[in-house]
Amino acid sequence: MKRLTYEFYHRPCVEVARDLVGKVLVFQGQRLRISETEAYCGESDTACHASKGRTKRTEVMYMEAGTVYIYLCYGMHWMLNIVTGDVDQPEAVLIRACVDAPGPGRLTKKLGITGQQNRSSVVTSAAFWIEDDGFSCEIELDKRVGIGYAAQEDQDKLWRFIIKK
């Protein structure tokens, strides 16, 4: 098992999103294999929270690669994202599903991840990281989910990465 380093996350969001599929998410001793991710690539991506600029909510997206961005969706589901790329270039990967937790709200509930982990780091945390165990898989591309508010060109981008079954 090899813990992913800062250099892994300090790359373009779409690359990180693709490469996270198949990796193992570790939180307080629990382990789940990531089966689906989505890329959200900065202020020019109208599906990205940062498309409206820097706010109290999105400030975390402007932080260092490997920083955890967690937000509450529909007032009930915590969504887990990992910041990528350069500081002040807001990009993040949504961890959309794990093999034993189909859906972003289900995976955070299963692991017990909440807003308390917002702004922590998967690079330096002693209880929260992502590792590579050598697993290899084929990846399917698809459109991102639940972004009907975004410009059509952003809705059509194949920035969702899924383990091929």
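Structural data are supplied above this passage.
What counts and how
Residues numbered from 1 in each chain as written. Predicted model: local features only at pLDDT ≥ 70, side-chain atom pairs only at ≥ 80, totals over all residues. Heavy atoms only, no water. Buried < 20%, exposed > 50% of the residue type's maximum accessible area, 1.4 Å probe, protein only. Helix = DSSP H or I, 4+ residues; strand = E, 2+ residues; numbered from the N terminus. Pairing = 2+ DSSP bridges. Phe/Tyr/Trp six-rings, centres within 6.5 Å; stacked < 30°, edge-to-face > 60°. Lys NZ or Arg CZ within 6 Å of the ring centre and 35° of its normal.

### Comments concerning the pairing of strand β5 (residues 77-83)
Taken residue by residue, a regular strand's side chains alternate between the two faces of the sheet. The buried count for β5 comes to five of seven residues, which makes it a mostly enclosed element. As defined by bridge partners, strand β4 (residues 68-73) adjoins β5 across six bridges and the pair is classed as antiparallel. When the sheet's bridge partners are listed, L72 is paired in β5 with W78. Between the antiparallel neighbours β4 and β5 lie three residues, among them Y74 with a positive phi of about 55°. Note: β5 against strand β6 (residues 91-98), three bridges, orientation antiparallel. Within β6, the position partnered with V83 by the bridge is A92.

### Quick look at the packing of aromatic side chains
If you walk through the whole model with that rule in mind, you get three aromatic pairs. Residues F27 and F128 carry aromatic rings whose centres are separated by 5.0 Å and whose planes lie at 80° to one another, so their mutual orientation is edge-to-face. Of the two residues, F27 sits in strand β2 (residues 24-27) while F128 sits in strand β7 (residues 128-132), which places them 101 residues apart along the sequence. On the basis of relative accessible area, F27 is assigned to the buried category, the value being 2%. On the basis of relative accessibility, which here comes to 1%, the residue F128 falls in the buried class. Between Y69 and Y71, the aromatic rings sit 5.3 Å apart at their centres with planes inclined by 35°, giving tilted as the arrangement. The residues Y69 and Y71 share a single accessibility class, namely buried. Its end group placed over the ring of F135, R33 keeps NZ or CZ at 4.1 Å from the ring centre.

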